[in-house]
Every structure is written in C-alpha cells, then in structure tokens.
Amino acid sequence: MTPTRFPDDVVVALHDSGVTVTCLPVQLDGGEWQAALFYVVPLGSPALGTGALDQGPFAVQFEGDLFEHEQGTVLELDIEIRVPGNPLAGTLLFLTGHASAHFEALTLLGTQEDVPLFIGDPFCQVLCQQRVPLSEAHRAGFSELVAEAVRLDAVIRMSGHYDAEAAFTAASERQHGRT
C-alpha cells in the first residue's frame, strides 16, 4: 500500500516542531521498523505545480557533522534532494542522548540498505516517494557519528553540564545564521 499522506505521528512531529523535514523511525505496511525521511515542500516553492516532482526519482545527497557544544552534542544531517531546477534542501538536528526517536532513527540509518523518502505538500499529502540507496560508507558514517556523539555526551554528563535543550538551541541558532 502506498501512503497518500504522511503517517499521523509524522504530521504531529512536523507541526509540533515547526520544521519541514524530519527523519523518524516508522513501520510501513506492517514491515520492519526503518528510518524514513519526510520533506514538506513549502507553499510558494517552484517545485510545486511545475511538474518537477513528477520527474523522480531524484539524486539525494547527505552530509553529516557533529556540533559539539559545552552542554551536549548535536548530530547535524544536511539533505539535498536534487529536484530539477530547484533542489530541496534542509538540515536535520538529532540529539542522541535526549530523544529516543532521534537515537533510533540514526541507529537504523547505520544498518538500512536504503531509506524511504516521502515528499509532500504543505498538507502532508504525498507528492512523490522513492527509496534512497545507502552505501556501506553511508551506513558506516552514520554509525561512527552516533558513536562519537554518544561518547562525547557521556563525558559531558559526567561533568554535570549536560543540557540537551541548550545544545539543540545553539545548533539551531547556528543553522539559522547560515541561511
């Protein structure tokens, strides 16, 4: 069964956090749990209404990095979906030591052969979907970033200075400063 709308839990997560892209563990069609990407194309985007989204599947680029803050570590995952004429891009911020869904999604990305990608309109109706292959290098990279974030957060926790919200806020502010 092909979903026509993002799962309700995903819609709630997107709206509660006020973001347009997320990666969450989901169970599609009663299958295994897997990390999936959900991208909401904002109103006014040239990708809407031009037929560009009918030309998939699209090349997808990932770039991961750790943001080390004195109060916690945030894993940043930049994603670019190469839609013709107007690529869709976003940054996902993950707290490995605070939100279990973040840790689970990253752990799954380190083991999956591919990741489901759903692109939707502002009402979370699916406009297109595809599976993005993950190479062994991608999976190893995700696993290494998670292991490093967990290690750094453990040291910060031992110092008594761990504050996931402060680290997340600093990473978010840094991302907004880049755009």
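Higher on the page you've got the structure.
Residues numbered from 1 in each chain as written. Predicted model: local features only at pLDDT ≥ 70, side-chain atom pairs only at ≥ 80, totals over all residues. Heavy atoms only, no water.

## Regarding helix α3 (residues 136-159)
Between the first and last C-alpha of α3 there are 35 Å, a value that for 24 residues agrees with the 34 Å anticipated at 1.5 Å per step. Those residues of α3 not exposed but buried are Arg-139, Phe-142, Leu-145, Val-146, Ala-149, Leu-152, Asp-153 and Ile-156. On its buried side, α3 packs onto β3 (60-69), β4 (72-81) and α2 (100-109). Downstream of α3 by a residue or two, Gly-160 has a phi angle that is positive, lying close to 80°. (Helix = DSSP H or I, 4+ residues; strand = E, 2+ residues; numbered from the N terminus. Expected span 1.5 Å × (residues − 1). Buried < 20%, exposed > 50% of the residue type's maximum accessible area, 1.4 Å probe, protein only. Contact = heavy atoms within 4.5 Å.)

## Side note on unusual backbone geometry
Cis geometry marks the peptide bond from Gly-56 to Pro-57, where omega comes out at 5°. Within the secondary structure, Pro-57 sits in the loop between β2 (33-40) and β3. Here Asp-29, not a glycine, exhibits a phi torsion of approximately 55°, which is positive. Relative to the helices and strands, Asp-29 is located in the loop between β1 (21-27) and β2. On the accessibility criterion, Asp-29 (56% relative accessible area) is exposed.

## Points about the nonpolar core
Judged by nonpolar contacts, the single largest core of 36 residues is most densely connected at Leu-53, Phe-62, Ile-81, Leu-88, Leu-109 and Ile-119. Among the elements that line this core, the one with the most residues is α3, at five residues. For Phe-62, the residues in contact, after removing those within four places along its chain, are Leu-37, Leu-77, Asp-78, Ile-79, Val-115, Val-132, Leu-134 and His-138. Grouped together as the second largest cluster of nonpolar side chains are 13 residues, Leu-14, Leu-28, Cys-124 and Val-126 included. (Core = buried A, V, L, I, M, F, W, Y, C linked by side-chain atoms within 4.5 Å.)

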